[in-house]
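Coordinate inspection notes
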Amino acid sequence: MIVKAIVSYDGFNYAGWQKQENALGIQQVIEEALYKITKENVDVVASGRTDAGVHALGQVFHFETSKNIPAIQYERALNALLPKDIRILKTEEVPGDFHARFSAVAKRYDYYCSYDIKNPFNYKYRNLLTKKLDVEAMKSASKVFLGSHDFTSFASSKIDPRKPRVKTISNIEIIEEGTDVHFIFEGTGFLRYQVRMMTGTLIAVGQHKIGVEDVQRMLDAKNKSACRYNAPSCGLYLVEVMYE
């Protein structure tokens, strides 16, 4: 049986999604909980990795099990075992050809900045800024990223060179909400660090450090050294993974 799950988590206490030898990943915590339920060494496969400090409202993973437990029951069973900063929102049985990563057709990431630097809770969940951003300038610059492009300039140098660098971004929104500036990115998929690097670049535009033409030059360069901006992980949220 293949079980699909939607999970929400606070990434502050974890070294990212992926299990690691010398740090605690969210994947490891979930797999250990599943072992207690199934007594099987279950491999959990996510729609994609999130880095240390990144949060999720709608990460998706799947796992395969031979146990005859109704898929819907895994939601309650896992939440009884998982720490309170990892919550299973839904579990369901899916067809055998479902794959959390390869079946995904689109993703949405949100990024939050805040001017409220006196709020002691914000540092875990917002990129704190001391000066107002020029939101209209950022909106103009964001149009450079729309459509299908080679995003090599806005990606980690650690990415497998065989991995395609062309991604399609269908929507970018930048919204002022009280003391927050809220970025929304929707696309077919994103390279590692891509959303954070695009956000960091747009923030630099909003601070009048660079202009739209500089953003265009970075994108056209298709060179990892072209962009030096990378927004902190604490403001990034994987909001939704979409499937057919």
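The present account deals with the structure reproduced in this document. (Residues numbered from 1 in each chain as written. Predicted model: local features only at pLDDT ≥ 70, side-chain atom pairs only at ≥ 80, totals over all residues. Heavy atoms only, no water.)

Here we look at the overall build of the protein chain
- Scanning the protein chain for helices and strands turns up 5 helices and 10 strands.
- A globule of 244 residues ought to have a C-alpha radius of gyration of about 18 Å, and the protein chain, at 19 Å, matches this closely.
- Projected onto its principal axes, the C-alpha coordinates of the protein chain cover approximately 60 × 45 × 35 Å.
- Residue burial in the protein chain is summarised as follows: out of 244 residues, 50% are buried.
- Put simply, of all contacts in the protein chain between residues at least 6 apart along the chain, 70% involve residues at least 24 apart.
- Counting every atom, the protein chain has about 12,200 Å² of accessible surface; 49% of that belongs to carbon and sulfur.
- In the protein chain, 32 positive and 29 negative side-chain charges are present, and the distance between their average locations comes to 5 Å. (Helix = DSSP H or I, 4+ residues; strand = E, 2+ residues; numbered from the N terminus. Rg over C-alpha atoms; globule rule 2.2 N^0.38 Å. Buried < 20%, exposed > 50% of the residue type's maximum accessible area, 1.4 Å probe, protein only. Contact = heavy atoms within 4.5 Å. Areas by Shrake-Rupley, 256 points an atom, 1.4 Å probe, with all protein chains shown as cover. Lys, Arg positive; Asp, Glu negative; His and termini not counted. Charge placed at Lys NZ, Arg CZ, Asp CG, Glu CD.)

Some points on the packing of helix α1 (residues 26-38) against helix α2 (residues 73-81)
- Two elements in contact, α1 and α2, have axes whose closest approach is 9 Å; the angle formed by their N-to-C orientations is 115°. Seen from above, α1 lies across α2 with right-handed handedness. In this structure, α1 contributes I30, A33, L34, K36, I37 and T38 to the contact, and α2 contributes Y74, A77, L78 and L81.
- In the contact of α1 with α2, the residues fall into 8 nonpolar, 1 polar and 1 charged. (Axes fitted to C-alpha atoms, helices over the stretch in contact; angles between N-to-C directions. Left-handed = near helix turned anticlockwise from the far one by under 90°. Nonpolar A, V, L, I, M, F, W, Y, C, P; charged D, E, K, R; others polar.)

What about unusual backbone geometry?
- Of note, the phi angle at K39 is positive, near 60°, even though the residue is not glycine.
- Relative to the helices and strands, K39 is located in the loop between α1 and β2 (45-46).
- For K39, a relative accessible area of 58% corresponds to the exposed category.
- Phi angles above zero are rare outside glycine, and H208 is one such case at about 60°.
- Positionally, H208 belongs in the loop between α4 (194-206) and α5 (212-221).

A short note on the packing of aromatic side chains
- If you walk through the whole model with that rule in mind, you get 12 aromatic pairs.
- Grouped by ring-pair contacts, the aromatic residues Y9, W17, F61, F63 and Y74 constitute a single cluster.
- Here K124 stacks its cationic end above the ring of F12, 4.8 Å away from the centre of that ring. (Phe/Tyr/Trp six-rings, centres within 6.5 Å; stacked < 30°, edge-to-face > 60°. Lys NZ or Arg CZ within 6 Å of the ring centre and 35° of its normal.)

Focus: the pairing of strand β8 (residues 166-177)
- Here 4 bridges tie strand β7 (residues 147-150) to β8, and the two strands are oriented antiparallel to one another. If you follow S148 over to β8, its bridge partner there is T168.
- Summarising the sheet, β8 and strand β9 (residues 180-187) pair through 8 bridges and their orientation is antiparallel. By the bridge assignment for β9, I172 is matched with F185. (Pairing = 2+ DSSP bridges.)

Quick word on the pairing of strand β1 (residues 2-9)
- Among the 8 residues that make up β1, 7 are buried, leaving the element largely enclosed by the rest of the structure.
- Direction of pairing for β1 relative to strand β3 (residues 55-64): antiparallel, over a ladder of 7 bridges. From the neighbouring strand, K4 faces β3, where its bridge partner is H62.
- Note that β1 and strand β4 (residues 86-94) share 8 bridges and pair antiparallel. Across the sheet, V7 pairs through a bridge with I88, a residue of β4.

Things to note about the packing of helix α3 (residues 135-142) against α4
- Closest axis-to-axis distance for the α3/α4 pair is 8 Å, and the angle between their directions is 135°. It follows from the interaxial angle that α3 and α4 lie oblique. Note on packing geometry: the crossing formed by α3 with α4 is right-handed. Here A137, M138, A141 and S142 of α3 come into contact with α4, specifically with L202, I203, V205 and G206. (Parallel < 35°, antiparallel > 145°, perpendicular 65-115°, else oblique.)

A look at the nonpolar core
- Counting 69 residues, the largest nonpolar core has W17, I30, F61, I86, F145, F154 and F183 as the members making the most contacts within it.
- Take this core: its biggest share by element is 7 residues, from α4. (Core = buried A, V, L, I, M, F, W, Y, C linked by side-chain atoms within 4.5 Å.)

Some details on the layout of surface pockets
- One number sums up the size of the largest pocket: a volume of about 1,000 Å³.
- Taken together, 35 residues form the lining of the largest pocket, with S47, G48, R49, R101 and K163 sitting closest to its centre.
- Where the lining of the largest pocket is concerned, the elements lending two or more residues are β2, β5 (104-114) and α4.
- For the lining of the largest pocket, the per-class residue count stands at 15 nonpolar, 9 polar and 11 charged. (1 Å grid on protein atoms, 1.4 Å probe; cavity = no way out; pocket = protein on both sides within 12 Å on 5 of 7 lines; lining within 4 Å. Points joined across faces, edges and corners; volume = space filled by probe spheres on them.)

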